[in-house]
Amino acid sequence: MNSTSNHGSSEFLLKVENLTIRFGGLVAVQNFSLRVPARQIVGLIGPNGAGKTTVFNLMTGVYKPNQGTVYLQETELTGRGAHVIARSGVARTFQNIRLFAGLTVLENVIAAASWQRRGQSVASLFALPAVALKEKKLLESARKLLEFVGLSSYENWEATSLPYGLQRKLEIARAMMTNPKVLLLDEPAAGMNPTEKDELAKLVRSICDVHGLGVLLIEHDMKFVMNLCANITVLDHGEVIAVGSPLEIQKNPKVIEAYLGAEETTGEGTAAASGQGSHS
Amino acid sequence: MTVQEFLQYSILPLIFFGITAIQALGLQLILGGAGLLSLGHAAFYAVGGYSAAAFTVYAAPALGLTDPTLLMLLSLVVGALSALAAGFLVAVPCLRLQGDYLAMATLGFAEILGTALKNIDAVGGTRGFGNIPKLSSLPWVFVTLALVWWALARFRRTGLGMAIQATRDDEIAARSLGISTYSAKLSAFVIGSAIAGIAGALYVHAVQFISPDEADFSRSVIIVLAVVIGGMTSLSGSVLGALILVVVPEALRHNDTLREQRMIYFALIVIFVMLFSPKGLQSLFMRFMPKAAQQRGGTR
Ligand SMILES: Nc1ncnc2c1ncn2[C@@H]1O[C@H](COP(=O)(O)OP(=O)(O)OP(=O)(O)O)[C@@H](O)[C@H]1O
Ligand SMILES: [Mg+2]
């Protein structure tokens, strides 16, 4: 990667440089850099506890980094509020699904358009014609997104009563309702069966190709990642140990060691960690 | 007892019911809508009541306003805006901080307000504020109740309404979708407080009197009970809760011991509701209703 290019190079949608965060004594992420171009799927992999989700949290403003910068095209996002970052065009899903339990499937998607409707609440309270058209369009695009992820027939279900795999798809539709430029997916295939995974892969592909987004994907299923991603970054103990194409990554001895090491030394420990971390 | 006598007896309890229902609807937005605990809802109601009364007693004559309908409408605006402003002042510092300071702050605000009102002679001090013109009546109360109910039901579908519910369900997810959770919570709190202020304005012009006791903690507890008993997430539940809380003491009117122990019965009802129908009595009723009616009513 050429590190001499200026911030704001429009080649890359998302550009992250030297992110570092410490939790007390633990350095969870150190000197993390990564770029996400438009219409590309970039992979972020690594053993349990490597710091992948923490990277998402740093990019989306859940945590403030101790060091480093995050740019979306020309806009610096470092240290800004999570809702500001979302409004600039970075959307995400969550490893431990976070749907709105009190809302229906359709309402979950509509809720993601709340900020686009700000300043219109009085007008929509009285159903004034001034906003009627805009609201109709929002409803249409929410329904289109539900159709896109295959949830049209579940519109009026309580969001959290959906099967696991469909909840993950709903999170994707909801994130896309914010009209993002970049979509961050945190283990979207977790808990899905092989057929569902194939469908999801197609979905992620068309988010890229049809909707033109850049996608950053965290995933433990290697087949899934290797098939989808053009470029993969590998994280271990908070540090990048490899960057490259799927083939390069598969052959990289450091990567093999990191994964084997994790299996050998923490055969039990890994299972325990993923048990508490991911399935809430 | 003749029909006429019955009607005469029931006017005041009906007014109390309507007022409590409006208060409960305001708190429902705060508690059930935004998931914030206000233990001083009655204080914002008192702010609205006192301000509206001060407006009609002192300001209106000075401005030369006499038309009763116009005066009542203006006093509703005064009641709403003053309670909204008070809600804003209490909530802003609390919501800026992490953690649940709001419950404590609202409690503290109610105490301070009660003490302050007792020491302001212009509004009657401990004796209470009397000689307020009779501008409102049962129809005023019920029409306002209906309007507030209607508006809140529609409010849920608006952008702000959705943002408030999203914030209640998951703050991190809400923020990741561009929602300012701070504004959402603040809006819910001040709108809920303003509705309490409207109830206050209606009350003072119906009974022509208000005392500092109206800001009391026990009054706030009654409103919390109405919302919890009825069902936190439903508007009709809050109205139902208000009905129960006004009807029960009224039914016990001729039995002093039972009346004095009424808080015990309310507590028992709350325990019953929590055990058997955590979503409130409203959802318990829904269970016994035909499916078609449920679809229309909706529990959210
Ligand atoms: N808020 C926090 N406070 C303290 N430590 C944290 C916090 N968030 C994450 N960590 C620590 O940072 C490290 C990285 O966690 P992270 O969740 O990013 O891993 P991950 O790569 O997403 O793992 P997994 O594959 O299990 O999801 C872990 O050791 C975790 O305990
Ligand atoms: Mg993770």
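Because the structure is predicted, anything quoted here is derived from the model rather than measured. (Residues numbered from 1 in each chain as written. Chains lettered and ligands numbered in written order. Predicted model: local features only at pLDDT ≥ 70, side-chain atom pairs only at ≥ 80, totals over all residues. Heavy atoms only, no water.)

Visitor: Describe the coordination of the magnesium ion (ligand 2), listing the residues and the values that go with them.
Guide: Residues and elements named next belong to chain A. At the metal site, the magnesium ion (ligand 2) is ligated by Thr53 (OG1) and Gln95 (OE1), and these contacts range over 1.9 to 2.1 Å. Here Thr53 is found in helix α1 (residues 52–59), whereas its partner Gln95 is found in the loop between β6 (90–92) and α3 (105–111), with 42 residues between them in sequence. Since its relative accessible area comes to 25%, Thr53 is described here as partly exposed. Take Gln95: its relative accessible area is 15%, and that puts it in the buried class. (Donors = N, O, S within 2.8 Å, 3.2 Å for Na, K, Ca; no water. Helix = DSSP H or I, 4+ residues; strand = E, 2+ residues; numbered from the N terminus. Buried < 20%, exposed > 50% of the residue type's maximum accessible area, 1.4 Å probe, protein only.)

Visitor: How would you summarise the site of ligand 1 if you had to cite specific residues and measurements?
Guide: All names here are of chain A. Taken together, 14 residues sit near ligand 1, with Gly49, Lys52, Thr53, Thr54 and Gln95 positioned nearest. The contact in question runs from an oxygen atom of ligand 1 to an N or O atom on the side chain of Lys52, over 2.8 Å. Side-chain polar atom of Thr54 to an oxygen atom of ligand 1: 2.5 Å apart, as the coordinates give it. Relative to its unbound accessible area of 630 Å², ligand 1 is 67% covered by the protein chains. Secondary-structure elements contributing two or more residues to the shell around ligand 1 are β2 (26–37) and α1. Looking at the shell around ligand 1, the element that brings in the most residues is α1, giving three residues. Its residues assigned to classes, the shell around ligand 1 comprises five nonpolar, seven polar and two charged. (Near = heavy atom within 4 Å. Polar contact = N/O pair within 3.5 Å; in protein donor to acceptor, adjacent residues only side chain to side chain. Areas by Shrake-Rupley, 256 points an atom, 1.4 Å probe, with all protein chains shown as cover. Nonpolar A, V, L, I, M, F, W, Y, C, P; charged D, E, K, R; others polar.)

Visitor: Let's hear about the packing of helix α5 (residues 138–155) of chain B against helix α10 (residues 235–251) of chain B: which residues, and what values?
Guide: Working note: a packed helix pair is described by the angle between its axes plus the distance between those axes. Residues and elements named next belong to chain B. Between α5 and α10, the shortest axis-to-axis distance is 10 Å and the interhelical angle comes to 150 degrees. If you check the angle between α5 and α10, you find them roughly antiparallel. Every residue of α10 that contacts α5 at Trp149, Leu152 and Ala153 is listed here: Leu235, Ser236 and Val239. (Axes fitted to C-alpha atoms, helices over the stretch in contact; angles between N-to-C directions. Parallel < 35°, antiparallel > 145°, perpendicular 65-115°, else oblique. Contact = heavy atoms within 4.5 Å.)

Visitor: Please give an account of the sheet that holds strand β10 (residues 239–244) of chain A that cites residues and values.
Guide: Residue and element names in this part refer to chain A. In spatial order, the strands read β6-β7-β8-β3-β9-β10; together these six strands make up an open sheet with mixed pairing. Because the sheet does not close on itself, it has two edges, and the strands there are β6 and β10. For this sheet, the mean inter-axis angle between neighbouring strands, taken without regard to orientation, is 20 degrees. Sheet analysis places β6 next to strand β7 (residues 182–186), joined by three bridges and oriented parallel. Bridge pairing in β7 links Ala91 to Leu183. Packing against the sheet, helix α6 (residues 164–176) makes contact with β6 and β7, and its axis sits at approximately 160 degrees to β7. (Pairing = 2+ DSSP bridges.)

Visitor: Can you tell me about the interface of chain B and chain A, naming the residues and giving the values?
Guide: A common way to express how large an interface is: the accessible area buried when the components associate. On the side of chain A, 30 residues touch chain B, which itself brings 25 residues to the contact. The tally of links between chain B and chain A comes to two salt bridges. The salt bridge involving Asp170(B) is made with Arg98(A); its shortest N-O contact spans 2.9 Å. Taken together, the links from chain B to chain A amount to nine residue pairs in polar contact (both at pLDDT 80 or more). Every element with two or more residues in the side of chain B that touches chain A is listed here: α5, α6 (159–169) and α7 (171–176) of chain B. Broken down by element, the side of chain B that touches chain A gets its largest block of residues, eight residues, from α6(B). (Salt bridge = Lys/Arg side-chain N within 4 Å of Asp/Glu carboxyl O.)

Visitor: Lay out the nonpolar core in plain terms, naming residues and giving numbers.
Guide: Formed by 145 residues in total, the largest nonpolar core has its most connected members in Leu170(A), Ile172(A) and Leu183(A). Ranked by residues supplied to this core, first place goes to helix α8 (residues 181–207) of chain B with 15 residues. Those residues in contact with Leu183(A) that sit more than four places away from it in its chain are Ala91(A), Arg92(A), Ile172(A), Ala175(A), Met176(A), Ile207(A), Leu213(A), Gly214(A), Val215(A) and Leu216(A). One finds Leu19(A), Phe32(A), Val90(A) and Leu235(A) within the second-largest nonpolar core, a separate group that totals 27 residues. (Core = buried A, V, L, I, M, F, W, Y, C linked by side-chain atoms within 4.5 Å.)

Visitor: Can you tell me about the confidence of the model for chain A, naming the residues and giving the values?
Guide: Residues and elements named next belong to chain A. The pLDDT averaged across chain A works out to 88; a share of 90% of its residues lies at or above 70. A low-confidence stretch, residues 1–9 stays under pLDDT 50, and its non-local contacts, those more than four residues away or across chains, total 12 contacts. Across residues 266–280, confidence stays below pLDDT 50; counting only partners more than four residues off in sequence or on other chains, it has 12 contacts. (pLDDT = per-residue confidence, 0-100.)

Visitor: Account for the pairing of strand β3 (residues 41–45) of chain A, with residues named and values stated.
Guide: Residue and element names in this part refer to chain A. With respect to burial, β3 is a largely interior element, five of its five residues being buried. Burial of β3 is two-sided: the residues Ile41, Gly43 and Ile45 facing one way and the residues Val42 and Leu44 facing the other way are all buried. As judged from the four bridges shared by β3 and strand β8 (residues 214–218), these two strands associate in the parallel manner. In the sheet register, Gly43 faces β8, and the bridge partner there is Leu217. Relative to strand β9 (residues 231–236), β3 is paired through four bridges, and the arrangement is parallel. Considered in β9, the bridge of Leu44 is made with Thr233.

Visitor: Describe the sheet that holds strand β5 (residues 75–76) of chain A, with residues and values.
Guide: Residue and element names in this part refer to chain A. With antiparallel pairing, the four strands of this open sheet are ordered in space as β2-β1-β4-β5. Two strands lie at the open edges of the sheet, namely β2 and β5, each paired on one side alone. Strand direction decides the pairing type here: strand β1 (residues 12–23) and β2, joined by eight bridges, are antiparallel. The residue of β2 that forms the bridge with Ile21 is Val29. Across the sheet, α1 is in contact with β1, β2 and β4 (67–72); its angle to β1 comes to roughly 115 degrees.

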